[in-house]
Amino acid sequence: MAVITFYSHDSKETGQSLSTAAIATHMAIAHNYKILIISTSFNELTLENCFWEYAKIRQTSVVKDNNPSIGLESGVEGLLKVLASNRTSNEIVKNYSRIVLKDRLDVLLAPATTSYQEYMEITANYTNIIKTADRYYDLVFVDLSKKMPKKDIQSILEMSDVIMMNLVQRLETLNNFIRLREANDFYKKKNVMLALGRYDRFSKYNNKNITRYMKERKELSVVPYNTLFFEACSEGTIIDFFLRLRNIADDTDKNVTFEKAVAEADSNIIYKLQELQMKL
C-alpha cells in the first residue's frame, strides 16, 4: 500500500531508528495493518535491538515451505539469492523476515556482512526488495542508513510515498535543513514530513517554536524522550512496553504523554497518505 521512509541528513544522533520502531510498533498494535520494517544499517543493530535481546538478533527464525529455518541466510542476503533466481511470490519478503507480531509486524534485518563492499552490493538491491514487499504488506517502513551510497539513498527516497525527515532540537540542525530545502526542491515536496526524535518538550526549541521558526503549517511529529522506552529499546522489549501503556489510566502519567505523542505521529502519517491519495 505505501512505503514510509525515515531519514536524516544530520551526522549526529537523531533517534531515527528508535522513532521508526516506536511509530511502526504503535501502528501494528493500534491498527489492522500488515507492517514490515526494513533495517538498512551497516554493522549496527539499533533498530533490531528494540525487538530482541542483542545476542539473539541473528538467531532469526523464518518460514520457507511451512518449515522453520534458522541462520544468516534467512535475512536479506538469503532473500537476494531467491530474488535473483526469479523464484518469487508476493510473500517472499515475509518468508525472509522475522516475525514480531504475527500477521501485524515483521522486521527484515540489516545485512549481516561486516564488509562495506558487500554492503554496497546489497544496498543496490533495496529498491527491488521494497517494491516486492510493497505488494504484500500494507505499510513498509524503511529505516534508511546514511552509510548507504548516495545513489541508493536517493533511489529509495524517490520511490517512497512518505519521507519522514528526522531532526533534533538543535539550532544548527534546523538551519541546516532549511538550507537543504532551499537548495533542493526535492525536500519541498508534499510527501516530506518532519519529525523530532528524542523530543524534550521543556526545551527552548519546543515543537511550537520550531514549527514557527521553520514556517511549517502544522506542528511536527515528535517521539519524546522517555526513560522506560529507551530502556525497552536496549532490552528488546518494546512490544511489552507499548502493551503496558494501554493499562495506565492516569492521563497525566509521563508514559501516557509519550504514547499520545506517538499516536499523533501515527495519525499524521495516515492522514498524509490519505491526503496524497486524494490528489492522485
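Residues numbered from 1 in each chain as written. Predicted model: local features only at pLDDT ≥ 70, side-chain atom pairs only at ≥ 80, totals over all residues. Heavy atoms only, no water.

1. Considerations on the sheet that holds strand S5 (residues 98–101)
Backbone-to-backbone hydrogen bonds join strands into a sheet, with any given pair of strands oriented parallel or antiparallel. For the record, the criterion: Note on pairing: two strands pair once DSSP finds at least 2 bridges between them. Only DSSP runs of H or I with at least four residues qualify as helices, and only runs of E with at least two residues qualify as strands; both kinds are numbered from the N terminus onward. Inter-axis angles, ranging from 0 to 180 degrees, are taken between N-to-C directions of lines fitted to C-alpha atoms, where helices are fitted over the stretch in contact. We call two residues in contact whenever any of their non-hydrogen atoms come within 4.5 Å of each other.
The strand order S5-S6-S2-S7-S1-S8-S9-S10 describes an open sheet built from eight strands, whose pairing is mixed. The strands lining the two open edges of the sheet, one partner per strand, are S5 and strand S10 (221–224). For this sheet, the mean angle separating the axes of adjacent strands, direction not counted, is 25°. Across four bridges, strand S2 (residues 35–39) lies against strand S6 (residues 105–108) in parallel orientation. Directly across from isoleucine 37, in S6, lies its bridge partner valine 107. Relative to strand S1 (residues 2–7), helix H6 (residues 150–159) is tilted by about 135°, and along the sheet it contacts S1, strand S7 (139–143) and strand S8 (162–167).

2. Notes on the environment of glutamate 219
What counts, and what does not: Counted as a polar contact is a pair of N or O atoms within 3.5 Å, where, for protein atoms, one must be capable of donating a hydrogen and the other of accepting one, and residues adjacent in sequence contribute only when both atoms are in side chains.
Mapped onto the elements, glutamate 219 comes out in the loop between helix H8 (207–213) and S10. Contact partners of glutamate 219, with chain neighbours within four places excluded, come to Asn207, Lys208 and Thr211. At a separation of 3.4 Å, a polar atom in the side chain of glutamate 219 contacts the side chain of asparagine 207.

3. With respect to the pairing of S2
Our working definition: The cut-offs for exposure are 20% and 50% of the maximum accessible area for each residue type, with area from a 1.4 Å probe on protein chains only; residues under the lower value are buried, those over the upper are exposed, and the others partly exposed.
Among the five residues that make up S2, five are buried, leaving the element largely enclosed by the rest of the structure. Of the two faces of S2, the one lined by Ile35, Ile37 and Ser39 and the one lined by Leu36 and Ile38 are each fully buried. Both S2 and S7 contribute to a ladder of five bridges, which runs parallel. Of the residues in S7, the one forming a bridge with isoleucine 37 is phenylalanine 141.

4. So, the pattern of salt bridges
For the record, the criterion: A pair is scored as a salt bridge if a Lys or Arg side-chain nitrogen falls within 4 Å of a carboxyl oxygen belonging to Asp or Glu.
Taken as a whole, this structure holds seven salt bridges when the rule is applied. In this structure, aspartate 10 and arginine 170 form a salt bridge, with 3.7 Å as the shortest nitrogen-oxygen distance. Of the two residues, aspartate 10 sits in the loop between S1 and helix H1 (16–30) while arginine 170 sits in the loop between S8 and helix H7 (171–183), which places them 160 residues apart along the sequence. A residue is classified by how much of its surface remains accessible, and arginine 170, at 29% relative accessible area, is partly exposed. Here lysine 56 and glutamate 53 are joined by a salt bridge, their closest N and O atoms 3.8 Å apart. The partly exposed category is assigned to lysine 56, whose relative accessible area is 40%. A relative accessible area of 45% places glutamate 53 in the partly exposed class.

5. Examining the packing of aromatic side chains
Operational definition: Under the pairing criterion, centres of Phe, Tyr and Trp rings, with the six-membered ring standing for Trp, must be within 6.5 Å; the plane angle then separates stacked pairs below 30 degrees from edge-to-face pairs above 60, leaving the rest tilted. Only Lys NZ and Arg CZ are tested; either one counts as a charge over a ring when it is within 6 Å of the ring centre and within 35 degrees of the ring normal.
Overall, the coordinates contain 16 aromatic pairs when judged by the stated rule. Between phenylalanine 229 and phenylalanine 258 the ring centres are 4.9 Å apart and the planes differ by 35°, which places this aromatic pair in the tilted class. Here phenylalanine 229, found in helix H9 (residues 227–235), pairs with phenylalanine 258, found in helix H11 (residues 254–278); they are 29 residues apart in sequence, far enough to count as distant. Classification of phenylalanine 229 as buried rests on a relative accessible area of 0%. Of the residues examined, phenylalanine 258 reaches a relative accessible area of 1% and is grouped as buried. Seen from their ring centres, phenylalanine 241 and phenylalanine 242 are 5.4 Å apart, and the 80° between their planes marks the pair as edge-to-face. The burial state of phenylalanine 241 is the same as that of phenylalanine 242; both residues are buried. The ring of tyrosine 136 carries lysine 34 above its face, with NZ or CZ at 4.0 Å from the centroid.

6. A short note on H9
Note the threshold: The directions considered for the arc run from the helix axis to the C-beta atoms.
Taken together, the buried positions of H9 are Phe229, Phe230, Ala232 and Cys233. Taken end-on, H9 shows its buried residues confined to a sector of 155°, consistent with a single buried face. Where H9 is buried, its residues contact H1, strand S9 (192–199), S10, helix H10 (238–245) and H11. Positive backbone phi, at 75°, marks glycine 236, one or two positions downstream of H9.

7. As for the side chain of asparagine 49
Considering the arrangement of structural elements, one finds asparagine 49 in the loop between S2 and strand S3 (61–64). According to the relative accessible area criterion, asparagine 49 is buried, its value standing at 11%. In contact with asparagine 49, other than residues within four places in its own chain, are Tyr54, Ile57, Ala232, Cys233, Ser234, Glu235 and Gly236.

So, to be careful, I would describe these as geometric facts and stop short of saying anything about function.
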